[in-house]
Structure formats: C-alpha cells, structure tokens
2 protein chains.
Amino acid sequence: MNRQELFEQIRQQQSFLCVGLDTDLKKIPADLLQTADPQYEFNRRIIDATRQYAVAYKINTAFYEVYGAKGWESMRKTVAYLPNNAFKIADAKRGDIGNTSEMYAEAFLKQIGFDAITLSPYMGEDSISPYYQYAGKWAIILGLTSNKGSADLQLKAQGDGYFYETVLKTAQTWGNTNNTMFVIGATQPAYFERVRQLVPEHFLLVPGVGAQGGDLHAICAAGLNSHCGLLVNSSRNIIYAGKDMNDFEYKAQKAAENLQMEMAGILKSKGLI
Amino acid sequence: MNRQELFEQIRQQQSFLCVGLDTDLKKIPADLLQTADPQYEFNRRIIDATRQYAVAYKINTAFYEVYGAKGWESMRKTVAYLPNNAFKIADAKRGDIGNTSEMYAEAFLKQIGFDAITLSPYMGEDSISPYYQYAGKWAIILGLTSNKGSADLQLKAQGDGYFYETVLKTAQTWGNTNNTMFVIGATQPAYFERVRQLVPEHFLLVPGVGAQGGDLHAICAAGLNSHCGLLVNSSRNIIYAGKDMNDFEYKAQKAAENLQMEMAGILKSKGLI
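Residues numbered from 1 in each chain as written. Chains lettered and ligands numbered in written order. Predicted model: local features only at pLDDT ≥ 70, side-chain atom pairs only at ≥ 80, totals over all residues. Heavy atoms only, no water.

Undergrad: When you look at the relation of the copies chain A and chain B in this model, what are you seeing that I'm missing?
TA: One copy of the chain maps onto the second through a rotation about an axis and a displacement along it. The operation relating chain A to chain B is a screw motion whose rotation component is 180 degrees, with 0.0 Å of axial translation and a residual RMSD of 0.0 Å. Seen this way, the second copy is the image of the first under a two-fold rotation axis. Nearest to the rotation axis, the C-alpha of Ala69(A) is located 2.1 Å from it, this being the minimum over chain A. Both copies share a contact surface, since 100% of the interface residues of chain A are interface residues in chain B too. (Least-squares fit on C-alpha atoms with pLDDT ≥ 70 in both. Contact = heavy atoms within 4.5 Å.)

In structure tokens:
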C-alpha cells in the first residue's frame, strides 16, 4: 500500500483511526479465558466490532511475547484475521545491525504479513534500509514519542533545535513518503507545527490519544496535510471501553465510532473528503 | 548476578567471552535439519562445545522470531539449557513506553529467565526503568554500536561532544553499575578511551569482534577496568567456524578456546587474575 492508496482508504472510510491491540489477558472479559486462544478470540471480536471505523490496526508485540510461543501464534492468527484493506502495523520498535534487521523484516513483513513496523532510529540508516526491500511495506521510525521519557534524549538541545529534529531531518533521507512514517506522540501537540515544517508530506503515526491524554483536535490542527498524513492510534480507550462479556464488543464499537465521527468531521472541515 | 559476582565468574573461567547464538538454519550443518528442533539442537551442541570458555551467551531474538512460534520455543529451550553460571543475554534491543516495557521485562527476564536484555535508549528513562524491577537482572543500553550507521545519529555533534556521549552521561543516572551495561562496538576502538572517561565502572558489552572486524587487543587496551568491565561477544566466527556435521562442534570449541586463551593472557597481564 503506497501513500495515495492509504489516503484513498482514509477517504473511503472517513477515518484515520488506528486501533491498538494491546491485548492483556488480565484486562479482557474473564469468560474469554475459557476459550482455546483467549488473545486471538478477544482480538477477533474487537476487530469485527471496529473494522468499519478503523483504517489501521497496531499490534504491540510485547503483549504477545509475554505469552511466549503461544502469544506469538495468537499474534500471527490476529494479523491473518484482519481485513484485507486494513493497514497492519507491528508496533515492535526494533532496530539492529543490517543482517539482524533483515531477519526482523522477514519475520514481520514477509512471514506474518504486516504492512509496516515501528523502528528505533538510534542505530542509523543500515538498521532501517533492510525493511525497504519489501515493496509496498513501510518503516515507521520513532520521532518524538508520547511518554515522559521523550524529554530525556529526544528533547535534548542540539544545534539550534532538538535531537528529535535531527532524527527527522536525517531519517527522511533513508526512504521516501511512500515507505516511511514517523511516530509523533499525541501528547506533544506543541511540537506538531515544527514537525510539519521538517516532514510536511510524510504520514505520522500518532499514539497517545485517550488513555495517555492526547487531544485529537489539537494534533489535527497542525498535523493534517494534503493526504491526511495522520494515523491516530487509540488502544486502551477502545479495546477496554467495556469490561463485561455481554457489552465489551458494543462498547468498543461505540468508542471507535465516536472517534471515527470526530475524524470524519475534521476531514470534511479541511476539504479532504 | 551483580557486578562482583560477574567479575568472580570471569576470574574463575579466565574469560570474558560472550558467545552469540545468531543461529540461522541456512548456515548450520544440513544433517541437523532432520532433527525435530534444529535451532535448539545446534545451540545445545554449540553450548556444550563452548561452555568451558564462555562466561556469557547472547541470543539474538531476530534469528528466532523469523521462525515464528516455533523459533520462540527454540529460544526458550536454549536459555533453559544454558549452564547456571552463564550470564544470559537477550539481544532484543527493545524500548517502549512504561506499560509496554513492563511486558517485555516480564517476557524476557521473568518468563524466559534471561539475566539481561539489550535496550535502545531513545525513549528515555521510563522506557528502561521497568527492567530494574527484577533484582539481579541487567539493562544493557545501546551506546555506540558496531555498524556503519552508528555515524548517522550516535556520532552527530552535540554540545562539545557526540550524541552517544549524551546518552552515556544521561542513561548512567537511570540505574547503577550493578544493573546497567552499555553496548560499545568493537569496531570503534578510537572511542573507548572517551567511553571509559564517561562510564569508568560500568560493564560494556562489546560486539563486533571477528566477522565485523573488531580487534580484541585494541579494545582491551582502553576498555578494561578493575572488574574487567568487558564482555566481548563473538557470534559468526565461533558458531560457524565449521560447516560440516563431523567437525562443527570441534571447530567452534577451538575458536572459543583461542579467544579465551587470548583473554586469559590479557587478564594476567593486567593483574586481574
């Protein structure tokens, strides 16, 4: 999927919502724990409840690795179950030397079939370029993250700016707008204007709306571009909107629908749909 | 295992060798592919061949994830097979927000039983601190890596030094010398003196000796400290020293023994044993 195709999908669904499947067995309805594969079973139902409203799904690999080989299989089955037109993100935050990155790229983009993977920029271009070997796939590189610790290194002064700006300036030369996105946390609205000066055309993956406190309108005001240019992720506020077996799907659906409707309004007001 | 205990192990074995189990089914003797779990079977034999000479083993998670759930199980079994006194490193290069890092910490340090995990510093202190919750376990934070791409961001000028120096100065305040190491590539001998000014007491995990071209004596000259302070990793030059079923164990043993003997000589010459 290239940038134009992703934009068309966004226009069709009137949504730039990404649902984060941070599926924790301690937080899903207890009845599901009786099934053979509770993580997959929960995900399957959440996907069915939200697929109309989400253009993308993001799977946080940590939540699957904690269950070992069984969790890895639940992740694989979940990706296989996702709709064909959904943009499938491995939130894996990998980053290693070339021959190792080749293995990660094969594992996530080829074997499991994700469309994109989140990556740390710290080890430089040869840690990212192996992911570009797969046509139509994306590297989503950490820029300015949503957590408190983003201040520790990303916001260190460097030259006449911050270190994350150096990352955006440097890393955008490694790929192009059809295979590279950047992670910019929704908790950082003050920085979106500067981010858009540095990477006006790239898609941004924006986590932190909802449980982490990010505000959708604030980030859209400075973050939208001519191709929408945003995938806004919400995890806990959607998938754990309900806690009971009899209403968790409905509540997840409503939470996703509410965000989608807000997004449709924003897209219309900007003339993007 | 704390710093003193690791040093005692190094003195006892007269070695600071770490063997990297980057086990690629395309590179192991073909006869092993007939066994039920070729990755584990290869690792088991390499471990038996090298355990006398290595104080640590490093498992590169990418090489297991590429085989999916089966690979994850091979990794788990390999760690369970490692000698009790071996220092067990997950070369996973993770790094994420707090609640996600907690999941990774549980997956690697508790469930699988690694002693340490390699981590990217880019997301800051709250991405690392969850790993410190496990007593006796270690965070091994990327400092200056062995690949060409280390020049792209780590060696960007910042203040009166380089960005990797800021990382070392900042990240050493997150933990202490009993739970934190730094990755410094063996291909960067010119920087070891500066690294030791910044982190004189910490252990350094040093990949890149052998296949990547790093020189053992050059890094020891500036890198050794009063507690040895180095774990030097070799992967491909040991585990693929032989390619045939009838001699790969013997050749791996010899390659490990040769490095251990060099290390014993260095430790003696520095009065550390």
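Additional details are given in the paragraphs that follow.
Undergrad: Teacher, can you tell me more about the sheet that holds strand 1 (residues 17-21) of chain B here?
TA: Sheet strands associate in pairs through backbone hydrogen bonding, adopting either a parallel or an antiparallel arrangement. All names here are of chain B. Ordered in space as 1-2-3-4-5-8-9-10, the 8 strands form a closed barrel in which the pairing is parallel. On average, adjacent strands in this sheet sit at an angle of 30 degrees to one another, irrespective of strand direction. When strand 5 (residues 138-144) meets strand 8 (residues 180-184), the two strands line up parallel, connected through 5 bridges. Bridging from a neighbouring strand, Leu144 pairs with Ile184 of strand 8. (Pairing = 2+ DSSP bridges. Helix = DSSP H or I, 4+ residues; strand = E, 2+ residues; numbered from the N terminus. Axes fitted to C-alpha atoms, helices over the stretch in contact; angles between N-to-C directions.)

Undergrad: Mind showing me how you'd approach the packing of aromatic side chains here?
TA: Residue and element names in this part refer to chain B. Per the counting criterion, the structure on display carries 23 aromatic pairs over all chains. On the basis of an interplanar angle of 90 degrees and a centroid distance of 6.2 Å, the ring pair of Tyr40 and Tyr81 is categorised as edge-to-face. Highlighted residues: Tyr40 in helix 2 (residues 38-50) and Tyr81 in helix 4 (residues 68-81), separated in sequence by 41 residues. Judged by relative accessible area, Tyr40 falls into the buried class, the value being 17%. The exposure class of Tyr81 is partly exposed, given its relative accessible area of 25%. Aromatic side chains Phe42 and Tyr240 sit 6.1 Å apart centroid to centroid with 25 degrees between the ring planes, which places their arrangement in the stacked category. (Phe/Tyr/Trp six-rings, centres within 6.5 Å; stacked < 30°, edge-to-face > 60°. Buried < 20%, exposed > 50% of the residue type's maximum accessible area, 1.4 Å probe, protein only.)

Undergrad: Explain helix 11 (residues 248-269) of chain B here, please?
TA: Residue and element names in this part refer to chain B. Helix length check: helix 11, at 22 residues, gives a terminal C-alpha distance of 32 Å against a target of 32 Å (1.5 Å per residue), a fit within 8%. Taken together, the buried positions of helix 11 are Phe248, Ala252, Ala255, Ala256, Glu257, Leu259, Gln260, Met263, Ala264, Ile266 and Leu267. Tucked inside the fold, the buried residues of helix 11 contact helix 1 (3-13), strand 1, helix 2, helix 9 (216-223), strand 10 (230-234) and helix 10 (236-239). Positive phi shows up at Gly271, right after helix 11, with a value of about 70 degrees. (Expected span 1.5 Å × (residues − 1).)

Undergrad: Just to check I follow, could you spell out the packing of helix 4 (residues 68-81) of chain A against helix 4 of chain B for this structure?
TA: Angle between the axes and distance between the axes: these two values describe a pair of packed helices. Packing of helix 4 of chain A against helix 4 of chain B brings their axes to within 8 Å, and their N-to-C directions diverge by 165 degrees. Classified by the angle their axes make, helix 4 of chain A and helix 4 of chain B are roughly antiparallel. Helix 4 of chain A and helix 4 of chain B meet at a crossing whose hand is right-handed. Side by side, helix 4 of chain A and helix 4 of chain B meet where Gly68(A), Ala69(A), Trp72(A) and Glu73(A) of the first sit next to Gly68(B), Ala69(B), Trp72(B) and Glu73(B) of the second. Looking at the contact of helix 4 of chain A with helix 4 of chain B residue by residue, the classes come out as 4 nonpolar, 2 polar and 2 charged. (Parallel < 35°, antiparallel > 145°, perpendicular 65-115°, else oblique. Left-handed = near helix turned anticlockwise from the far one by under 90°. Nonpolar A, V, L, I, M, F, W, Y, C, P; charged D, E, K, R; others polar.)

Undergrad: Got a minute to help me understand the interface of chain A and chain B in this structure?
TA: Often, the extent of an interface is quoted as the loss of accessible area on bringing the components together. Tallying the contact residues gives 55 residues for chain A and 55 residues for chain B. Summing the contributions of chain A and of chain B, the shared interface buries around 4,600 Å²; its carbon and sulfur component is 60%. Among the residues chain A hides against chain B, the three largest losses belong to Met103(A), Tyr122(A) and Leu153(A). Together they make up 18% of the total. Where chain A meets chain B, there are 4 salt bridges. The partner of Arg94(A) in a salt bridge is Glu65(B), with the nearest N and O atoms 2.8 Å apart. On the surface where chain A and chain B come into contact, there are 27 residue pairs in polar contact (both at pLDDT 80 or more). Breaking the side of chain A that touches chain B down by element, the ones donating at least two residues are helix 3 (62-65), helix 4, strand 3 (87-94), helix 5 (98-112), helix 6 (125-128), strand 5 (138-144), strand 6 (157-158) and helix 7 (163-171) of chain A. (Buried area = accessible area lost by both parts, 1.4 Å probe. Salt bridge = Lys/Arg side-chain N within 4 Å of Asp/Glu carboxyl O. Polar contact = N/O pair within 3.5 Å; in protein donor to acceptor, adjacent residues only side chain to side chain.)

Undergrad: Can you walk me through the nonpolar core in this structure?
TA: Side chains that are nonpolar tend, in soluble globular proteins, to be buried together. Core analysis: the biggest nonpolar cluster contains 196 residues, and Phe16(A), Phe108(A), Leu231(A), Phe108(B) and Leu231(B) have the highest contact counts within it. With near-sequence residues (within four places) excluded, Phe108(A) lies in contact with Thr61(A), Trp72(A), Met75(A), Ala90(A), Ala92(A), Arg94(A), Gly113(A), Phe114(A), Ile117(A) and Glu65(B). (Core = buried A, V, L, I, M, F, W, Y, C linked by side-chain atoms within 4.5 Å.)

Undergrad: Looking at this model, I keep getting lost on the sheet that holds strand 4 (residues 116-119) of chain A. Mind explaining?
TA: All names here are of chain A. Read around the barrel, 8 strands follow the order 1-2-3-4-5-8-9-10 and close on themselves; strand pairing throughout is parallel. Taken pair by pair, the neighbouring strands of this sheet meet at an average axis angle of 30 degrees, ignoring direction. With 3 bridges connecting them, strand 9 (residues 203-206) and strand 10 (residues 230-234) associate as parallel partners. Bridging across to strand 10, Leu204 finds its partner in Leu230. Lying on the sheet, helix 2 (residues 38-50) is in contact with strand 1 (17-21) and strand 2 (56-60); it crosses strand 1 at an angle near 165 degrees. The sheet strands contacting helix 4 are strand 1, strand 2 and strand 3, and the helix crosses strand 2 at an angle near 175 degrees.

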